[in-house]
Structures are given as structure tokens and as C-alpha cells.
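Take a look at the letters that make up each chain.
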Amino acid sequence: MSTTRSAPAELLERGDGARSSGLLARERLFAMLDPGVDRQVTLVSAPPGSGKTTLVRSWLAARAGSTAVGWVDVRRDESDPSHFWGQVLDAVRSSGVVSADSALATLVPTTLAEPAELLGHLATGLHRIEEPLVLVLDDIHQLRSSEALDGLESLLADAPPTLHVVLTSRRDPRLGLHRLRLSGRLTEIRAANLEFTAAEAGELLEEAGVRVDDADIARLHQRTEGWATGLRLAALSLARHPFPGQFVAEFAGSERTVADYLLGEVLASQPPEVRDLLLRTCILDRVNGELADLLTGRSDGHRLLHELAEANALVVAVDVGRTSFRYHQLLLDLLRLDLRRELPEEIEDLHRRAARWYADHGEAVDAIRHARLAGDWDLACELLGRHWVQLLLDGEEATLSHLLDGLPEGLAAADSEVATMLAADHLRHGRWVEADALIDSARRTIGAVPDARRSRAEAALATVQLFRARQVGGVEDVLDEADGAVEGYLGTAEQGGADLGALAVLNLGIAKAWTFRFEAAERDLQRGLALGRSIGRPYVEIGCLTALGNVATLTERIELGEKRLRDAIAVAERVGWTTHPLVGAAYMGLASTLLDRGMLAEGEQWLDRADPILTRAPEPPASVGLRHAQGMLAMGRGRFDDALAAFEDGERLVDVLHAPHVFAAVERPWQLRARLGLGDIDAVREALSGAPSTAAEWCNLSARLHLLAGEPEEALAAVAPVHTGEAAAIHVNFNIEAWLLDALAHRALGDRAAAERSTENALALAEPDGRCGMILTIPGVQELLREHPVHRTAHASHLQLLCDLLAGVEPEATGAPTTLEEPLKERELAVLRFLSTNLTAAEIGSELFLSVHTVKTHMRKLYAKLDVHTRAEAVQQGRALGLLAPARRIS
């Protein structure tokens, strides 16, 4: 996701100390930087040119080998918290203190999850690191995100004793420094501390190979007032000056004047090829030899940069291999001023060439930024079109929004791909009206997109339209066209194509599932899952697993559905996304599955986790689904007033959707079922007068009404079309309901034999998957099942479970898993979840995209960890530890 440059890494790698690295050893300041028992945070705060970064680098070089180091160069004007925390995580991981099984190894920052979740995982992981770690956040004043600053303040307040955080900044950051001061945990190094003493000034000149007498050193120290950059620039100039004493006597004035004068001296004394390199590469924040050669037309860029860094000429290596460099800000400012004065006509072309280089090397954000600076909007739009999904899946939503905001007004009206990207951004923020206008614009101009990127633009537009339809309705209107566009795009070899392909297939599969094209949906979602895993995209993996779980549940494979939903949640836990809106849907799906199986207590727990996530997510359909599940829970417990309130709330949310939606047909009949539970017969009878007679849910509702009104013959007539198939049942639960209503009607008519037959038919449909939820909502069913002859039923165990549930005896919610001595790895846990099914090892491997040999290896390892010897024992132990859902009760 992010590139973390470890400036001190090359020092620690070499272990040659400050002196041999060309850095001055300032022991009085090193003592202030050394961590103490209570000093865990060090702030180095001073104006530009004070030597902040150089001091920290020289300290780390002098202490090489004594501690692990992570270094973060905070990006200029950093406003994306995901990118910032990605850099922090990369720095900690690259320090060598993070083990493969640590939570820190798998965390993926995203702005869509609660900030506290990432920080909680990060803090926990840091507390578990036993080795000392120095984390340097260089240029922390560049951090503009208030969310990231709040998170960093929280992290510093709870830093473990093994962590020492060093902050360099031009001004005091908003990090609750007063609390750190009061606790005695803050060390502050200010501009006055950083000023060189006369003795240190002499050492600096000596290091630079400059020989001047003590009087000149004293005069130079007085003129620069110990200012670090002024002294370093003076040393560079003196090294080349034929009369050092005369040079010292000639300059005076403020820091800015001294800097301008000395920088001019330094640049003027450089060979033409060096000055040309500095001038043409100053448009970059970081430069390497290859990029320098591209911008200068030469082939010696790396050598020249390396020599400048070795000479400490305000050029610093920022990576382990000493291949990437940055210029001091004062030097950069002067060079950019000279570039605008001397080569104004070449600036745009330099940015354009840099943009293409960054694009070729996978640095999307830098590529787009330089294309914008070049004023090359065709290139900027092409790069955005190629990489916007990558940024989205990387969790850098804020960065993407910033890049899109920088496009000229009116560009969306002419470029279909730009309109599509902006529409996606508006949809993400719940701005439906603006998004719809942009989608319309994209559709009008899609024909003008060049052939080279037409397929990508069509797939992107299809994906955004599908996402929009999932949010506000109208899936049927766009599905067929989108299907063709996505199929035409899949298999592209272009850079970023896999990201768009995976996201497109995810949305396509979900849309097909919502329109009951389950076989096609499962095919697309399996393809999306494989693609998401192959490119390491947890967003796609979680989304596909959640949708696959829901499809399996709807197609009467409830155990497989539960397993897939739990797998989705496990991935979310691994990457630290348990508060992500995407995972809220998995919680809701799992809750619905558990409610269907009569596990009301555990289902309620998952609904409680889903509620705050889906309530804040700008996705009305998700909120509708949540209200529906909450209504079903209330129905199962006989709380019809609560159920009615939940279903009515869901119906109100359906009304705000901008187009027909699958949920529109669901909430109304369930709301009427709740009214029947409250005895409101007249309202239900009136509503049924215009209800469709070809839908099982309405036929069954009619039968419920007739039974409550004492009209069993009419109830039998109402459910008859469900039995014959004339009234379509979208789910087996409606067939179960129809048979039990049929049984209740026969019972009311005194035909016990017919009632038993219908009850047996219902139990036969319910038992294989342990379905209970619908049955718990039917008035009068408790007496019916209690009277059902146990000695004549083929479904005694399920009958007993239902009787217990109807009597108010619920299975206990699964407790928190007991910690194993050696925890199961993700793949081992995935295999364990399949062991409770009847799938063979080969079939399990097919589900998990593993070979049979790998599955059996995982089985052997998890047997050892669980201390069991057979598949049945593994399942039993997994349930006892809370790693698997409890089994259905048997008598």
C-alpha cells in the first residue's frame, strides 16, 4: 500500500557509527535522545535548517545495533489517515521486531472502519513486542489529518515501555504534549538546543576538511548564531574557497540572507553537470539515479547523487540501499526558484516525464500528481482511470478524493471515465443525486472513450452502476448490460486490471444474488473470491465470502452459508476491519442464519455488533436488512410490538430508495404478520385485498389471517397454491410455513391424520438444515408440535428442539473462544469449519482453493493443536472451544 523510506536504516545496516558516516557526533544531544525509564517520547521541534533530521540520523548511527528502528517520512500535506497508518505499520514491520503470527503482520488500514479499531490492534501489537523499538516520525508537521493526529495522540498516551517515539517537526504538533510533559514522559529538543557551540562548529568544519584558525571559527559561529544549515553550507563553500578567512569575513545577516548567500555559493561552485541534475530533479520529493537520468538525459545520475550525499551537500540517502535521495528543503526552494527563472519552458515536460516514470513503476499517486502539475489532463485522467480502484481497495479513499477534487471543472462532462470515478466518490459519501447526474453523463459520453481504454471504462461504469443499484434499487435495470461489460473486460493484462476486475465481479455476483440468479451469482462470486485472494484484497475476499454465505443459505445449504460468513468475519478480524461496513453485512447475514436455526441468543449478539456499523453506513439497503433481522428476532420471541416497529422502520427506509429494490417486497408482508400477532385482523384483511396471489409469502399470510379469524377451510385454500407450486416460494421457509399452516387448519377441522402428515412434511423440510426461525413465528404451532406423536415421527430430534425453543429454552450463545497453547492459523481454522460437513478432503480443497495434500496437512496440524485423533473429535473440541457453532440439539 504505502512506501516507507527508512532513512537511518542504511546507517544501522552498516553499523559504522556517526563519525564514519559523515555525521557529527553531538553527544550532549544524543544523551537527550537516549530513552530513559520514563522518557518514551522525544520531540525535536525547530525551524527549517536547524538540523533536526540530521541529528536523529547521527544519533541512530552512533547507537547502531542497540535497538530496532522504524522510520516514517510523513508525506507532504498528508491528509489520508489510511496512508499515514500504512506507513507506520510498514515501518514497524520493516524494523524486524514483528513476528509472522503477530496481528501487526496482517493489519490493513482503512478509513471505513472505526479509527479506534486499528489503534487498538496497533497498540496491542506494540505492547507484545519485547525488543526495544525506536519509531521516528520525521516531519510530523506535515500531518494534516485530524483523525490521524487524534489516533497518534492516543497511541503516544498508551505507548509500551519498549517503544521510543521520536518526532521531528517545524512546530509543535497537536498531540496533547502538555499531558506528556506532566507525566514526565516527554523530552523536548528545541532550536536553542540544536544551535552548535563554537567547539561543535570547529568539529563540523574539520569533518568537512576545512582548515581555518580559531578566530575564524569563532567569527563564523557568531555570524551564523550556531545555525546548523548555515554552518554546513559555510563548510561546503569554505572547502572550495581559495581564501577561507576572507570568505568568513564577507557574509553576515539573518538566517534567510545567510542561507540565500551560502546556497548561491554552493550551487555556483558545483560542476555544470551536477547543477543541471539538481535543477532538473528539484521537481521531485525523492530522486533516484534512474529517474535523474530520465530527466537530465545523462547516465551518471546515481553516481552524482551518491557523491553529493557523501559530501553532505544537503542531499540525504533515504533507503537501505542508498539508491533514493532527498534534498534539504532550503536547497529545494532555491533550486525550484532557479528552475522557474532559467528553464520555465521545460517544467511541464519534466513533470510529464516524471509522471510516466512513476506510472511505469507502480507509484500511482506520485504519477497522477506530476501529471496534474504538468497540466496534462489526458495523462492524469488515464492514470486515474487505471489506478482509482487500486487506491480505493488500498483504503486510501481520502487520497483518491483529493486527486479527483483537483481535476478541472467540466472535465467530467467530456470524459466518461472521469464522470464514473466522481460518481463512485459521491456514492461513497451518500450523495445520490450528484452521483446519478454523473452516471448519466458517463453513459452519454462512453462512446467517445478511445478504443484503447473503452473496455476498462465500460467495466468501471458497470461496476459503479451496480454499486448504485445495490444502494438505492434498480438492479434489474442495469444487470444484463453490466454483465456484458464486465465479461468483456475480465482477463485484461493492463496494470490495475485485476483490481477493477475483482471489484466488478464482486458487485456483479451480489447483484445476481439479489435477483435470485443464484447459480450465476455463485459462479461469479467464486471467481471474485479466487481473484481477490490472488491479489491480496481483503475487501473483495470479505465481500465475496459474505455474498457466498448468503447465497448458500438461500439455496438450502445453511451450514455452508454459516461457515462462509464466519470465514468472512475471520478475514476481517485478521486485517483489523471488524467495524468496516462491509463486515456489518457479514454480521447481519450470520445473525439471520443463526436466527433461522433457532439460536436466538447468539444471533442477537451478532445483530448487536452489526447495528452500530450499519446504522452509520450510508447504505439504506443494509439498514433495511438489519431492521428485518431485528424484526425476525422479535417475532421469534413473541414480541410482536417490537417486531412491528422494526418492520415499519425497514419499510420507511425502503421508501427512501430511488428505484425498486428487492427489500420492497419483503417488509410489507412481515409487517402484516406482526400485526396479526397483535390481533389486528381488520388492517391485515384490508391489506390483503390487493395482494398478489402468486407469491407464497402472501398466500401464507392469508392463511394465517383465516386461522386467526376461525376460518380453517379458507386457510387450506390459501396455502394450496404453495403446495402445488402455483404460488412461488422464494425460500424453503415459506414451504415449511405453508405445511404447518395446513396442519393447523386440519387440526382445527379435527382431521388429526392430515395434520400429522402436514407436520411431518414441514419437519422433513426443516430438519436437514436445522431450520427453526420461521416456525417460531407461527401462532398456535406450539400446541401442534407438542401433540405430534414422537413415536411416529422420523424427525424426533428436531421436534424436541422446536418444542424447547417454543417453551423459551434457547441454546446458549457461543462464548469467547478458549485460548489454545498454539492458536490455529487461518487456513487450519478454515479447514476445521469444513470438518463438520460431509465434504471429503478433496471437496474441502476445492472450496478453499487448496490441494488435497495441503488440506490433509492442515488436518494433521489442527488435530495436534486440539489434542484429538479423529475428525469427529476435532469438531467436538472445536465446538467446546467456541471455534465452531454449537451442534443442533438431539434427544
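Residues numbered from 1 in each chain as written. Predicted model: local features only at pLDDT ≥ 70, side-chain atom pairs only at ≥ 80, totals over all residues. Heavy atoms only, no water.

Engineer: Sorry, what's going on with the pattern of salt bridges here?
Structural biologist: Side-chain pairs of opposite charge can arise where the charged atoms are in close proximity. One pass over the structure, following the stated rule, counts 75 salt bridges. Ionic pairing is found between Glu562 and Arg597, a salt bridge with its closest N-O pair at 2.3 Å. With a gap of 35 residues between them, Glu562 in helix H31 (residues 558-575) and Arg597 in the loop between helix H32 (581-596) and helix H33 (600-616) connect regions that are remote in the sequence. There is no split in this pair, since Glu562 and Arg597 are both buried. Among the ionic contacts, a cluster of salt bridges with common partners joins Glu382, Arg386, Asp415, Glu417, Arg453 and Arg456. (Salt bridge = Lys/Arg side-chain N within 4 Å of Asp/Glu carboxyl O. Helix = DSSP H or I, 4+ residues; strand = E, 2+ residues; numbered from the N terminus. Buried < 20%, exposed > 50% of the residue type's maximum accessible area, 1.4 Å probe, protein only.)

Engineer: For this particular structure, what's the right way to read the packing of aromatic side chains?
Structural biologist: Two aromatic rings are characterised by how far apart their centres lie and by the angle between their planes. What the rule picks out here adds up to five aromatic pairs. With centroids separated by 5.0 Å and ring planes inclined at 65°, the aromatic side chains of Phe84 and Trp85 adopt a geometry described as edge-to-face. For Phe84, a relative accessible area of 0% translates into the label buried. For the pair Phe516 and Phe518, a centre-to-centre distance of 5.9 Å together with 80° between the ring planes defines the contact as edge-to-face. Lying across the ring of Phe196, Arg26 places its NZ or CZ 3.8 Å from the centre. (Phe/Tyr/Trp six-rings, centres within 6.5 Å; stacked < 30°, edge-to-face > 60°. Lys NZ or Arg CZ within 6 Å of the ring centre and 35° of its normal.)

Engineer: It is not clear to me how the confidence of the model for the protein should be interpreted in this structure. Could you clarify?
Structural biologist: Close reading of the predicted structure is inappropriate where its pLDDT is low. The share of residues in the protein with pLDDT of 70 or more is 91%, and the mean pLDDT across the chain is 85. Within the model, pLDDT remains below 50 along residues 1-21, and this stretch shows 64 contacts once partners closer than five positions in the same chain are excluded. (pLDDT = per-residue confidence, 0-100. Contact = heavy atoms within 4.5 Å.)

Engineer: Quick question: what am I supposed to make of the sheet that holds strand S6 (residues 287-288) here?
Structural biologist: Two pairing modes exist for strands in a sheet, parallel and antiparallel, and in both the strands are linked by backbone hydrogen bonds. An order of S6-S8-S7 is seen for the three strands of this open sheet, with the pairing classed as antiparallel. Edge strands, defined here as strands with exactly one partner in the open sheet, are S6 and strand S7 (315-317). Judged from the three bridges that link them, S7 and strand S8 (residues 324-327) form a sheet pairing that is antiparallel. Bridging from a neighbouring strand, Val315 pairs with Tyr327 of S8. (Pairing = 2+ DSSP bridges.)

Engineer: Explain unusual backbone geometry here, please?
Structural biologist: What you tend to see is this: most non-glycine residues have negative phi, and most peptide bonds are trans. One non-glycine residue, Asp77, adopts positive backbone phi at about 50°. Relative to the helices and strands, Asp77 is located in the loop between strand S2 (68-73) and helix H5 (81-94). With a relative accessible area of 41%, Asp77 lands in the partly exposed category. For Phe516, which is not a glycine, the phi torsion comes out positive at approximately 65°. Position of Phe516 relative to the elements: it lies in the loop between helix H28 (497-514) and helix H29 (518-534). On the basis of relative accessibility, which here comes to 42%, the residue Phe516 falls in the partly exposed class.

Engineer: Would you mind showing me how to read the sheet that holds strand S3 (residues 133-138) here?
Structural biologist: Read from one edge to the other, the open sheet built from five strands follows the order S2-S3-S4-S1-S5, with strand pairing classed as parallel. With one partner strand each, in any of the chains shown, S2 and strand S5 (186-189) form the two edges of the open sheet. Each adjacent strand pair in this sheet contributes to an overall mean axis angle of 15°, direction not counted. Relative to strand S4 (residues 163-169), strand S1 (residues 41-45) runs parallel, the two sharing five bridges. Bridge pairing in S4 places Val44 opposite Thr168. (Axes fitted to C-alpha atoms, helices over the stretch in contact; angles between N-to-C directions.)

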